[in-house]
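# Inside the fold
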Amino acid sequence: MALLSVIVPCYNECEALPIFYQKLKETLSGMECGHEIIFVDDGSTDGTAELLRRFAEDDGTVVWLSLSRNFGKEAAMYAGLSNIRGDYAAIMDCDLQDPPEMLPEMLAAVESGEYSMAAARRVDRRGEPPIRSFFARRFYKFVNRICESEIADGARDFRVMTREVADIVVSMHEHNRFSKGIFSWVGFKTKWVPYVNRERVAGKTKWSFWHLFGYAIDGIINFSHVPLTIASWFGLFMTFFAFVTELVVIVRRLLFDEPVAGWASLVCIIVFIGGLQLFFLGTIGNYIAKLYRESKGRPHYIVEKSNRDDVKKVG
Ligand code: UDP
Ligand code: MG
């Protein structure tokens, strides 16, 4: 019998977890495959760890890993993926925004052998603050123009994949992780399963607008060199523009004896160019900072405690 490993990153999810666990169990027990549920407690401070321990006492399929601090959802997913035993892996949030009822359909697609991944894709963004939807849409449009891998609008981290894909994703050690981009970058045939957006069942989202904004910038920098190319082309364009305007100034002075007046315009130009230079310097700095972070080669996560002995503690 095939074994499905369900990875669930949790950060302060005391309120949502009991409802989620019950729903997930209902779905999983109706499926033909065996299962293990790997809860990754991402440094929660609200009793999530105790709750997971209680689940595990009564249910041998529950595995919990408590990370030594909050490492972020990307690291929590990585910790989960690094510790699967199943033939298939699923990743889902525990706020029921990723409906467990979709698991059988997604697993069937992957089990059929036709697809290596099945991923949920929201067909609308109901229930989300309008400003967040607006920026999310723009982000996907922009990203798909400039990035080396396509990221579908509405794609979530909720997906089922074969062991082969899971192992490849784990073998990608990059620290600046942007899972949606990584899953797209590795390729393989993906089945997109549409669903209508749902609101979180309990608790609060961990992502503020600025947090998401930073994540979006990360996504662009991790999968594209276009910002650097833009900087180069802009530099070239400004040089050409300056050359032409200089010619105009010289011609006006020599032929028509008309000096160009005004230091105000000069100050504006200097400030403008200075601003641009700082902006592009910052962009380059962003790439260098990421390079620095990668070069240190620190682990993605550290497991402090777990109910499984052979867990990969650092990875
Ligand atoms: N999460 C996590 N570590 C974090 C932040 C979030 O493991 O630092 C988990 C969280 O518990 C949830 C999932 O990631 O299961 C998605 O988080 P959330 O629902 O807050 O994000 P949203 O759905 O609003 O994008
Ligand atoms: Mg959520």
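Relevant structure appears above.
The structure reproduced in this document is the subject of the present report. (Residues numbered from 1 in each chain as written. Chains lettered and ligands numbered in written order. Predicted model: local features only at pLDDT ≥ 70, side-chain atom pairs only at ≥ 80, totals over all residues. Heavy atoms only, no water.)

### Digging into the overall build of the protein chain
What counts here: Under the scheme used here, helices are H or I runs from DSSP no shorter than 4 residues and strands are E runs no shorter than 2 residues, and both carry numbers assigned from the N terminus. Radius of gyration here uses only the C-alpha atoms, and the compact-globule reference equals 2.2 Å multiplied by the residue count raised to the power 0.38. Note on classification: 1.4 Å probe, protein chains only; a residue is buried when its accessible area is under 20% of the maximum for its type, exposed when over 50%, partly exposed between these limits. Any pair of residues with heavy atoms lying within 4.5 Å of one another is described as a contacting pair. Exposure was quantified through the Shrake-Rupley algorithm and a 1.4 Å probe, taking into account, for residues, occlusion by the shown protein chains and nothing else.
Looking only at helices and strands, the protein chain features 10 helices and eight strands. A compact globule built from 315 residues would reach a C-alpha radius of gyration of about 20 Å, whereas the protein chain, at 25 Å, exceeds it by more than 25%. By its C-alpha atoms, the protein chain is 95 × 40 × 35 Å across when sized along the principal axes. Looking at the 315 residues of the protein chain, the share that counts as buried comes to 46%. Partitioning the intrachain contacts of the protein chain with sequence separation of at least 6 by distance along the chain shows that 81% fall at a separation of at least 24. Summing over all exposed atoms, the protein chain offers an accessible surface of approximately 17,000 Å²; the carbon and sulfur share of this is 61%.

### Regarding a positive patch on the surface
Heads up, the rule is: Residues with no salt bridge and a relative accessible area higher than 30% make up the patches, which join like charges within 9 Å and nonpolar side chains (Val, Leu, Ile, Met, Phe, Trp, Tyr) within 5 Å. Throughout this description, the term salt bridge denotes a Lys or Arg side-chain nitrogen within 4 Å of a carboxyl oxygen of Asp or Glu. Note that His is not counted, nor are the chain ends; the positive residues are Lys and Arg, and the negative ones are Asp and Glu. For this purpose, a charge sits on NZ of Lys, CZ of Arg, CG of Asp or CD of Glu.
Where like charges cluster on the molecular surface, the positive patch consists of Arg69, Arg293, Lys296 and Arg298. Within the secondary structure, Arg293 sits in helix α10 (residues 263-296).

### Description of the packing of helix α8 (residues 209-223) against α10
Note the threshold: Fitting a line to C-alpha atoms yields each axis, with helices limited to the stretch in contact; the angle taken between N-to-C directions then spans 0 to 180 degrees. Orientation is classified from the angle alone, with under 35 degrees giving roughly parallel, over 145 giving roughly antiparallel, 65 to 115 giving roughly perpendicular, and any other angle giving oblique. Put simply, Ala, Val, Leu, Ile, Met, Phe, Trp, Tyr, Cys and Pro go in the nonpolar bin, Asp, Glu, Lys and Arg in the charged bin, and everything else, Gly too, in the polar bin.
The contact between α8 and α10 brings their axes to 11 Å, and the two run at 80°. With respect to α10, the axis of α8 lies roughly perpendicular. The segment α8 lies against α10, with Asp218, Ile221 and Asn222 engaging Asn286, Tyr287 and Lys290. Among the residues making up the contact of α8 with α10, the classes are represented as two nonpolar, two polar and two charged.

### Notes on the pattern of salt bridges
Side chains that carry opposite charge are capable of pairing whenever their charged atoms lie near each other. Counted under the stated rule, the structure contains 11 salt bridges. Asp98 is the partner of Arg156 in a salt bridge, and the nearest nitrogen-oxygen pair spans 2.6 Å. Residue Arg156 is located in strand β6 (residues 155-162), and its partner Asp98 is located in the loop between β4 (88-91) and α4 (103-111); the two are separated by 58 residues in the primary sequence. Residue Arg156 is classed as buried on the basis of its relative accessible area of 10%. Several salt bridges share partner residues, and in doing so they unite Lys73, Asp93, Asp98, Arg156 and Asp157 into one network.

### Things to note about the layout of surface pockets
In plain terms, the rule: Buried and open spaces are told apart on a 1 Å grid over the protein atoms alone, a cavity being a set of points where a 1.4 Å probe fits but cannot get out and a pocket being an open set with protein on both sides within 12 Å along at least five of seven lines. Residues with an atom within 4 Å of a point are the lining residues. Grid points are joined across faces, edges and corners, and a volume is the space filled by probe spheres set on the points.
Space inside the second largest pocket adds up to approximately 640 Å³. Around the second largest pocket, the lining is made up of 21 residues, and of these Phe241, Ala242, Thr245, Ile269 and Ile273 lie nearest the centre. Elements supplying a minimum of two residues to the lining of the second largest pocket: α9 (226-256) and α10. Here the residues of the lining of the second largest pocket sort into 15 nonpolar, five polar and one charged.

### As for the packing of aromatic side chains
The line we're drawing: By convention, a stacked pair of Phe, Tyr or Trp rings (six-membered ring in the case of Trp) has centres within 6.5 Å and planes under 30 degrees apart, an edge-to-face pair has planes over 60 apart, and any other such pair is tilted. By definition here, charges over rings are those cases where NZ of Lys or CZ of Arg is within 6 Å of the ring centre and within 35 degrees of the ring normal.
According to the stated counting rule, one finds 13 aromatic pairs in the structure shown. When the ring of Phe39 is compared with that of Phe55, the centres are 5.9 Å apart and the planes differ by 45°; the resulting orientation is tilted. With Phe39 in strand β2 (residues 34-41) and Phe55 in helix α2 (residues 48-58), this residue pair connects regions lying 16 residues apart in the sequence. Each member of the pair Phe39 and Phe55 is classed as buried. Ring centres of Phe178 and Tyr215 lie 4.9 Å apart, and the angle between their planes is 55°; this geometry places the pair in the tilted category. With Phe178 in the loop between α6 (163-171) and α7 (179-185) and Tyr215 in helix α8, this pair connects stretches of sequence that are 37 residues apart. Judged on exposure class, the residue Phe178 and its partner Tyr215 are both buried. The ring of Trp192 carries Arg121 above its face, with NZ or CZ at 5.4 Å from the centroid.

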